[in-house]
Amino acid sequence: MKNRRNHSSHEEEYFFKVSLKTISDVNEFCNVMTGLERFVVSAEIRSGTYIVDAKSLMGIFSLNLSKPVEVWFKVEMNNQLRNMDMDKYFAAKIERWLVGDNAHE
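Rules used in this analysis
- The residue numbers shown here count from 1 along each chain, following its written sequence.
- Given that the model is predicted, a residue must reach a pLDDT of at least 70 before its local features are reported, and side-chain atom pairs must reach 80 or more before they are shown or counted; all residues, however, enter totals for whole chains, interfaces and linings.
- To obtain the side-chain values, all non-hydrogen atoms of the structure were included, while hydrogens and water were left out.
- Secondary structure elements are defined from DSSP: runs of H or I of at least 4 residues count as helices, runs of E of at least 2 residues count as strands, and each element is numbered from the N terminus.
- A 1.4 Å probe rolled over the protein chains alone gives each residue an accessible area, and that area as a share of the maximum for its type sets the label: buried under 20%, exposed over 50%, partly exposed in between.
- The accessible surface values rely on the Shrake-Rupley method and a 1.4 Å probe; as for residues, cover is taken only from the protein chains in view.
- The set of buried Ala, Val, Leu, Ile, Met, Phe, Trp, Tyr and Cys residues whose side-chain atoms join them within 4.5 Å is what this entry labels a nonpolar core.
- Here a residue-residue contact requires only that any non-hydrogen atoms of the pair lie within 4.5 Å.
- Residues qualify for a patch when their relative accessible area is over 30% and they have no salt bridge, like charges being joined within 9 Å and the nonpolar side chains of Val, Leu, Ile, Met, Phe, Trp and Tyr within 5 Å.
- Any carboxyl oxygen of Asp or Glu that lies within 4 Å of a side-chain nitrogen of Lys or Arg is treated as forming a salt bridge with it.

Description of the overall build of the protein
Then, number 1: The helix and strand inventory of the protein stands at four helices and five strands.
Then, number 2: In sequence order, the secondary structure elements of the protein are arranged as β-β-α-β-β-α-β-α-α.
Then, number 3: When burial is assessed residue by residue, the protein has 42% of its 105 residues classed as buried.
Then, number 4: Entry remark: accessible area of the protein is about 6,300 Å², with carbon and sulfur atoms responsible for 47%.

Structural data, given as structure tokens:
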């Protein structure tokens, strides 16, 4: 899948471009990220060379949000997660902020 990188048989990373335009967007996005803790080892927002915790309001607001940023999920795979389509799962959770090729898949 185009949004996944395998690091080992136990870890995978998924990434998506998102646009966070308003204070409300950032607040709701952080709430969604907090709700994903049971699946995700780490969730980061990357903008250029800057990387911040995707659950951090202050961290996200320190980025240039006038253009899309990337959200990266690192997942430690187990038998339950191997049976799930994690690309679609994450895309569904963040679909209102998706931009580019992975929007509306």
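Considerations on the nonpolar core
Then, number 1: In terms of nonpolar packing, the biggest core is built from 32 residues, with Phe29, Met33, Phe73, Phe90 and Ile94 touching the most fellow members.
Then, number 2: Mapped by element, the contributors of at least two residues to this core are strand S2 (11-18), helix H1 (23-35), strand S3 (42-47), strand S5 (69-76) and helix H4 (86-93).
Then, number 3: In terms of residue count, H1 provides more of this core than any other element does, five residues in total.
Then, number 4: Not counting the four nearest positions on each side in its chain, Phe29 is found in contact with Leu20, Ile45, Ala54, Ile60, Val71, Ile94 and Trp97.

Looking at a nonpolar patch on the surface
Then, number 1: A cluster of nonpolar side chains, contributed by Ile23, Leu57 and Phe61, occupies part of the molecular surface with about 290 Å² of accessible area.
Then, number 2: Residue placement: Ile23 occurs in helix H1.

A few points about the pattern of salt bridges
Then, number 1: Following the criterion strictly, the structure yields four salt bridges and no others.
Then, number 2: For Arg46, the salt bridge identified is with Glu44, shortest N-O distance 2.9 Å.
Then, number 3: You can call Glu44 partly exposed: its relative accessible area is 23%.
Then, number 4: Here the salt bridges do not stand alone but share partners, grouping Glu13, Glu44 and Arg46 into one network.

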